[in-house]
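Residues per chain are reported as follows:
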Amino acid sequence: MSLWVDKYRPKTLDQLLYHDSITQSLKALSKSGDFPHLLIYGPSGAGKKTRIYCTLNEIFGSSVEKLKIDVKTFVTSSNRKLEFNVLSSPYHLEITPSDMGNNDRVVIQDLLKDIASTEQVDFNNQSSSKTKHRFKIVIINEADSLSRDAQAALRRTMEKYSSNIRLILVCNSISNIIAPIKSRTLLVRIPSPSITDINSILSNISVKEGIKFSSNDLEPFYTKVSTASNRNLRRALLSFETLTMQNETIKPETNLSIINLDWEVIIKNIANNIKTARNVATLAKIRTVFYELLSHCIPARIILKTLLFNLIEIIPDVRVVQELVNLASVFDERLSLGQKSIFHLEGFVAKSMVTIDQYN
């Protein structure tokens, strides 16, 4: 039994229920003879990957759904062997080079070179309109986390092998993408779905799943779920499914506290501790909590961003908020350049404590 977020994921562009203008643009691109490199960006849970796979389905047909995972081995300049997972179908590959840290350039150069050295040909269905595109598509996740060297290598690859491969870069923000890559790609922004869009999707799923409600006025309940999920469709669906699993009959006034994720609650507590007890003992406790969060695969940048927003909510002084934003931008840059995330997170907390004390 699959989760609703997977069970009701659209497979084709025609099944997408929101952002119709973007859908029509992608449909036109998929039918054109000259498919460009794409840079698709937007917030988490907006539907970036869903739209990408729907576009691939439009170009190549349902074969893109036949996925497998291959393990590729790469050798660095220091003769160190690296293993890297590649998700692929007969027509595309999906990779996350940033998982390799500073060795992402090796993955970009070697893997894309291997892919580009072979031309995409389907001898069984050469007459099919679905196979007229003789190129493979490479989806690169977390493109904004690529090192500068990797992005430079990517730019050269885009120029050299454009006849055999097309790149689709996926990221939340394009601020860390170098200008030469932006100029060589078509930028497509996928904004978060509106509250109305999410409500409509939740309503459709309710009908299909036969969910029982104690009231007929469900719009306020759907709005509550959509708002609590911060317009993140994936999170809204997961929260809605959790509620239905816990309650045989859903009451629209049901408490939605379960939507708060554990790590978000923990970071909120850290912000409160910074505000109330600014001392070495507090800093030592926070360091331990940071280790726990990082060990549970919460990205350091997400921790920093969430902590900053929580501090902004509880600190009324505008001058302190301005300083905290400046500090966060500095340590965000250091996170991208450094190796030990814990140092920079702890440094931000220490500096924040000093800043708050200065204005009190």
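Before reading on, note that the structure itself is shown above.
Keep in mind the model is a prediction, meaning the values are calculated, not measured.

Q: Would you take a moment to explain the nonpolar core for this structure?
A: General note: in soluble globular proteins, nonpolar side chains tend to be found buried as a group. Core analysis: the largest hydrophobic core is formed by 33 residues, its most contacted members being F84, L111, I140, L154, L167 and L169. The dominant element in this core, judged by the number of residues it contributes, is helix α4 (residues 104–116), at seven residues. With residues up to four places along the chain from it excluded, the contact list for L167 reads H37, L38, L112, V138, I140, L154 and M158. The next biggest cluster of nonpolar side chains, apart from the first, holds 28 residues, and it includes I286, L335, I342 and L345.

Q: Even after reading the chapter, I still don't get the packing of aromatic side chains, so can you show me in this structure?
A: Within a pair of aromatic rings, the relevant descriptors are the distance that separates the centres and the angle that separates the planes. If you walk through the whole model with that rule in mind, you get four aromatic pairs. The interplanar angle of 70° and the centroid separation of 6.3 Å between the aromatic rings of F331 and F348 together place this pair among those described as edge-to-face. Placement of the pair is F331 in helix α13 (residues 318–337) and F348 in helix α14 (residues 341–359), with a sequence separation of 17 residues. Residue class for F348 comes out buried when judged on its relative accessible area of 0%. Of note, R51 hangs over the ring of Y18, and the distance from its end group to the ring centre comes to 5.0 Å. Sitting above the plane of the F331 ring, R334 keeps its charged end 4.9 Å from the centroid.

Q: In this structure, what is going on with the packing of helix α10 (residues 262–276) against helix α11 (residues 280–295)? I would like to understand it.
A: Helix-helix packing is described using two parameters, namely the angle between the two axes and the distance between the axes. Close contact between α10 and α11 brings their axes to 11 Å; oriented N to C, the two are set at 165°. Classified by the interaxial angle, the pair formed by α10 and α11 is roughly antiparallel. As α10 packs across α11, the resulting crossing turns out to be left-handed. Within the contact between the two elements, α10 uses W263, I266, I267, I270, N273 and I274 and α11 uses T282, I286, V289, F290 and L293.

Q: For this particular structure, what's the right way to read empty space enclosed by the protein?
A: Tallied over the entire structure, the rule returns one cavity of 30 Å³ or more. Its boundaries defined by the atoms lining it, the largest cavity holds a volume of some 30 Å³. Lining the largest cavity are L26, F35, L38, I40, R51, I52, T55 and I168. For the lining of the largest cavity, the secondary structure elements donating two or more residues are β1 (38–41) and α3 (48–60). At three residues, the largest contribution of residues to the lining of the largest cavity is made by α3.

Q: Hey, could you run me through the sheet that holds strand β3 (residues 81–88) in this one?
A: In a beta sheet, neighbouring strands are held together by backbone hydrogen bonds and run either parallel or antiparallel to one another. With mixed pairing, the seven strands of this open sheet are ordered in space as β2-β3-β4-β5-β6-β1-β7. With partners counted over all chains shown, the strands left at the sheet margins are β2 (68–75) and β7 (186–189), one partner each. In this sheet, neighbouring strand axes are inclined to one another by 25° on average, regardless of whether the strands run parallel or antiparallel. In this structure, β2 lies alongside β3, joined through eight bridges in antiparallel fashion. Bridged to K72 within β3 is F84. Packing against the sheet, α3 makes contact with β1, β3, β4 (92–95), β5 (136–140) and β6 (165–171), and its axis sits at approximately 175° to β5.

Q: Would you take a moment to explain the layout of surface pockets for this structure?
A: Regions of empty space are outlined by a rolling probe, equal in size to a water molecule, passed over the atoms. The space that makes up the second largest pocket amounts to roughly 300 Å³. Around the second largest pocket sit 13 residues that line it, and R9, K11, Y53, E65 and L67 are the ones nearest its centre. With four residues, the single largest contributor to the lining of the second largest pocket is α3. Here the residues of the lining of the second largest pocket sort into six nonpolar, one polar and six charged.

Q: Is there a simple way to explain the pairing of β3 in this structure?
A: Within a regular beta strand, the side chains point alternately toward one face of the sheet and then the other, so they alternate between its two faces. A one-sided burial pattern is seen for β3, the buried positions being L82, F84, V86 and S88 and the unburied ones K81, E83, N85 and L87. Across two bridges, the pairing between β3 and β4 is antiparallel. Bridging from a neighbouring strand, L87 pairs with E94 of β4. As consecutive antiparallel partners, β3 and β4 are separated by three residues.

The rules behind these values
- Residues numbered from 1 in each chain as written.
- Predicted model: local features only at pLDDT ≥ 70, side-chain atom pairs only at ≥ 80, totals over all residues.
- Heavy atoms only, no water.
- Core = buried A, V, L, I, M, F, W, Y, C linked by side-chain atoms within 4.5 Å.
- Buried < 20%, exposed > 50% of the residue type's maximum accessible area, 1.4 Å probe, protein only.
- Helix = DSSP H or I, 4+ residues; strand = E, 2+ residues; numbered from the N terminus.
- Contact = heavy atoms within 4.5 Å.
- Phe/Tyr/Trp six-rings, centres within 6.5 Å; stacked < 30°, edge-to-face > 60°.
- Lys NZ or Arg CZ within 6 Å of the ring centre and 35° of its normal.
- Axes fitted to C-alpha atoms, helices over the stretch in contact; angles between N-to-C directions.
- Parallel < 35°, antiparallel > 145°, perpendicular 65-115°, else oblique.
- Left-handed = near helix turned anticlockwise from the far one by under 90°.
- 1 Å grid on protein atoms, 1.4 Å probe; cavity = no way out; pocket = protein on both sides within 12 Å on 5 of 7 lines; lining within 4 Å.
- Points joined across faces, edges and corners; volume = space filled by probe spheres on them.
- Pairing = 2+ DSSP bridges.
- Nonpolar A, V, L, I, M, F, W, Y, C, P; charged D, E, K, R; others polar.

Take it as geometry only, folks, not as evidence of what the structure does.
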